[in-house]
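As a plain string of letters, each chain reads:
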4 protein chains.
Amino acid sequence: MSSTRKPNPARRSERSRKAVLAAARELVSELGYAKVTIEAIAARAGVGKQTIYRWWPSKGAVIFDSFLALSEGEEGVRLPDTGDIEADLRTVMRATVAEFADPAFETPLRALNTQIIDDPDLAGLYREKLAGPLDQAKKERLRSAQRAGQLRADADLDLVLEVLYAPLYQRWLHRSGPLSPEYADALVDVALRAFAP
Amino acid sequence: MSSTRKPNPARRSERSRKAVLAAARELVSELGYAKVTIEAIAARAGVGKQTIYRWWPSKGAVIFDSFLALSEGEEGVRLPDTGDIEADLRTVMRATVAEFADPAFETPLRALNTQIIDDPDLAGLYREKLAGPLDQAKKERLRSAQRAGQLRADADLDLVLEVLYAPLYQRWLHRSGPLSPEYADALVDVALRAFAP
Amino acid sequence: MSSTRKPNPARRSERSRKAVLAAARELVSELGYAKVTIEAIAARAGVGKQTIYRWWPSKGAVIFDSFLALSEGEEGVRLPDTGDIEADLRTVMRATVAEFADPAFETPLRALNTQIIDDPDLAGLYREKLAGPLDQAKKERLRSAQRAGQLRADADLDLVLEVLYAPLYQRWLHRSGPLSPEYADALVDVALRAFAP
Amino acid sequence: MSSTRKPNPARRSERSRKAVLAAARELVSELGYAKVTIEAIAARAGVGKQTIYRWWPSKGAVIFDSFLALSEGEEGVRLPDTGDIEADLRTVMRATVAEFADPAFETPLRALNTQIIDDPDLAGLYREKLAGPLDQAKKERLRSAQRAGQLRADADLDLVLEVLYAPLYQRWLHRSGPLSPEYADALVDVALRAFAP
DNA sequence: CCCTAAACGAGACGGTACGTCCGGTCTTGAC
DNA sequence: GTCAAGACCGGACGTACCGTCTCGTTTAGGG
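To start, this report covers the structure provided alongside it. (Residues numbered from 1 in each chain as written. Chains lettered and ligands numbered in written order. Predicted model: local features only at pLDDT ≥ 70, side-chain atom pairs only at ≥ 80, totals over all residues. Heavy atoms only, no water.)

Turning our eyes to something else, we now look at the pattern of salt bridges. For the structure on display, the rule yields 68 salt bridges over all chains. Between Lys18 of chain B and Glu14 of chain B there is a salt bridge, and its shortest N-O distance comes to 3.9 Å. Of this pair, Lys18 of chain B and Glu14 of chain B both sit in helix H1 (residues 14–31), 4 residues apart, which is roughly one turn of that helix. Here Lys18 of chain B falls in the exposed class, since its relative accessible area comes to 52%. One continuous salt-bridge network, built from bridges that share partners, spans Glu86, Arg90, Arg94, Asp185 and Asp189 of chain A. (Salt bridge = Lys/Arg side-chain N within 4 Å of Asp/Glu carboxyl O. Helix = DSSP H or I, 4+ residues; strand = E, 2+ residues; numbered from the N terminus. Buried < 20%, exposed > 50% of the residue type's maximum accessible area, 1.4 Å probe, protein only.)

For DNA strand E, the set of nearby residues contains 44 residues, the closest of which are Lys49 and Gln50 of chain B, Asn8 of chain C together with Lys49 and Tyr53 of chain D. Close to the protein, within 4 Å, the atoms of DNA strand E belong to sugar or phosphate groups at a rate of 63%. Between DNA strand E and the protein, one listed contact pairs a phosphate oxygen with a backbone N or O atom of Ser13 of chain C at 3.0 Å. Trp55 of chain C has a polar side-chain atom sitting 2.8 Å from a phosphate oxygen of DNA strand E. Take the surface near DNA strand E: its biggest share by element is 5 residues, from helix H3 (residues 49–55) of chain A. Considering only residue class, the surface near DNA strand E consists of 10 nonpolar, 17 polar and 17 charged. (Near = heavy atom within 4 Å. Polar contact = N/O pair within 3.5 Å; in protein donor to acceptor, adjacent residues only side chain to side chain. Nonpolar A, V, L, I, M, F, W, Y, C, P; charged D, E, K, R; others polar.)

Related by rotation about an axis and a shift along that axis, the two copies of the chain form a pair. Once chain C is rotated about the relating axis by 179 degrees and shifted along it by 0.0 Å, it coincides with chain D to within an RMSD of 0.2 Å. The transformation just described matches what one would write down for a two-fold rotation axis. Minimal C-alpha separation from the rotation axis in chain C is found for Ala194 of chain C, amounting to 2.2 Å. Take the interface residues of chain C: 100% of them recur as interface residues in chain D, which is what a same-surface contact looks like. (Least-squares fit on C-alpha atoms with pLDDT ≥ 70 in both. Contact = heavy atoms within 4.5 Å.)

Both the distance between ring centres and the angle between the ring planes are used here to describe each pair of aromatic rings. Per the counting criterion, the structure on display carries 4 aromatic pairs over all chains. Between the aromatic rings of Phe100 of chain B and Trp172 of chain B, the centroid separation amounts to 5.0 Å while the plane-to-plane angle is 45 degrees, which identifies the pairing as tilted. Linking Phe100 of chain B in helix H5 (residues 85–101) with Trp172 of chain B in helix H8 (residues 157–174), this pair joins segments that are 72 residues apart in sequence. Positioned above the aromatic ring of Trp56 of chain C, the side-chain terminus of Arg12 of chain C is 4.8 Å from the ring centre. (Phe/Tyr/Trp six-rings, centres within 6.5 Å; stacked < 30°, edge-to-face > 60°. Lys NZ or Arg CZ within 6 Å of the ring centre and 35° of its normal.)

Another aspect to go through is the interface of chain C and chain D. Much of the literature gives interface size as the accessible area that the parts lose upon coming together. Each partner contributes to the interface: chain C provides 32 residues, whereas chain D provides 32 residues. Its largest share of buried area at the contact with chain D, chain C owes to Ile117, Glu162 and His174 of chain C, together 21% of the area lost on that side. Counting the contacts that link chain C with chain D gives 2 salt bridges. For Glu162 of chain D, the salt bridge goes to Arg171 of chain C, with nearest N and O atoms at 2.6 Å. Here chain C is connected to chain D by 18 residue pairs in polar contact (both at pLDDT 80 or more). Elements represented by at least two residues in the side of chain C that touches chain D include exactly helix H6 (103–118), helix H7 (120–147), helix H8 (157–174) and helix H9 (181–194) of chain C. Broken down by element, the residue count for the side of chain C that touches chain D peaks at 11 residues, all from H8 of chain C. Broken down by class, the residue content of the side of chain C that touches chain D amounts to 18 nonpolar, 5 polar and 9 charged. (Buried area = accessible area lost by both parts, 1.4 Å probe.)

This is the structure we're talking about:
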């Protein structure tokens, strides 16, 4: 019926798949999302263009996949739990601030955000595969704090996470203010005060 | 000698300028940022491509300008001040939530965000011309609340705004949760609790 | 040593061979030489591409072979010999004209010619396998006429054949004039006058 | 309505047109018709592909045009007329044989023939622009011979030309025999005998 | 009669060129 | 001198085939 003949994944070349994802990652880092072309990815990967079009529906999907592949090996992340939620949150938030400030993450991270803004499907994948697992780990730590009576028992943990991370995310995305350790601390203060028992 | 001859703005055709911005706005609404082309804008506006390249440096600049033009007429915004900061914030936040949920804003607003993520210059312009004035108005209302003893006197008002708006913004951008009046209220609660005197 | 392992013709699948040649013939008739692809031949024949590349060196060779196969069964052609060379030649030339004018021969015959123009090897094969035997039969009849004193004894029979057929061939190839029975007769007249004893 | 927007020939770049035709001629000589690509022509000519697709419908048309351009300047050809038709024909036919035997003409001439075989439109153009004028000149000389009583008065001059040239053409195209001065002479003999008064 | 090597159908692969689209520059003629 | 129009060079797009290269699956002949 349709002209869309579907390829047989069993015969897919693992070598090509990895080469494409690696090339995509490199090119995004070097040029930024907008300037990466499928032709360049194919050339860098030593792969025919058709091999890319056979397995991915769009440039965005390739590049997104290259991000997914990065965190493929990472097993269940586990956040520090010293029993002191304030100290632990400061540690984690300061680390997050440092990560956002790292120029090496800048370009690919902006590329990732550019994509999920305009593509609901990719946004869903992002939540499911990248943000989700991390959020689960964070909420696990928060639940532990709730049990320890350091956080209000009826606090909406999704909301807590948003209050902690969304301001940081927005500052980074809009470049609307400095990303300093003090800022990380300030966000922790806000959250703990708002959700204190 | 150089080819960079700068045009004389005094002779600029107002008719063309408006037609270009209107065409840009329409096309972004219809197609989304990525699918809009300069050729299409020129064709729809009944304008030569050169006329666009003469006055704008890039597609992004044209489209961004078309947003700026929208709020050109708006004089200094003034937020409600009934004396009750909680009630006023709920009003404003519920209105903001409603705006974000309006499908008519969806496409152009995502277009705008796509641009400022990748272009620091546009991001600066955005803060200066669009976000800035609105933030000033909001902070004015918060200062009034500080004077009334409803907010901690030493509260960092930029941070207050971020705690109020960034979670909402992030939910919308990532489609990571529902945008409801209850959510608006919850954010107001969080902010007021965190910055209560 | 080399990677060019030569296949064993004894194990060749007769079924595949016939299917390929039939598919080639059909496709040339339907699309013309230029638009036929090896992939299409393989698909139509229900054969893997490698099976074609294993037994033929090029698309041209396959298609040429599909012509050869047509005349495979034809045993030694024998032209009419009533004793009257003029009458016999008219008969044969009129038949040839009719054949050239038949639309069913048009496409494949032009395909055949396209190939032998650019490929000396195929041209040689053509002369040896297709044109040659027919020319021998024609020359046999001419020799009979020589013995009967109807043609100059020292006439170069290859030249006689060319004078008879080349104008017809050229008209057909270049579509430079009508192919009518009268034209056939005119060519016979010319040849007989030129090579009369 | 249609997507076929027609370009304005008045604005056509003469520089580009000439560069394309020159590049086409060179590439055909170097590679032969089949191996020439539009991309290669564009690259060699320093021209965008679209500029070719804008003005020519196909590769064949470009290459054919490059042949036409060669004979653009040539004014009315005039054949020798010493009063002796046999001597004049020998001169012309021997020259033609020499031309066909010249390797420099081989490749482009075969390219030209490949094209007109499969494309009736190009064949028509060929007859009108290239073969036609030359044939007119030849027939002029033959008419002169008729007036001088050296050729039968009622001879069909198109047929005379065919008897002279088609055998030569066919031998060259099929590589079916030697192209020698003697062969040229033989053809002249045949024609004169066939059409003698 | 089974074993095994080759030929087979299928189709993924690295490539080349296709014909189209658009970016950004340049040219023309109207105003 | 700006404008609408649009031709230009360049280059990426997504598609179609090329000829090569695995994959299992027949298949046929020699042991």
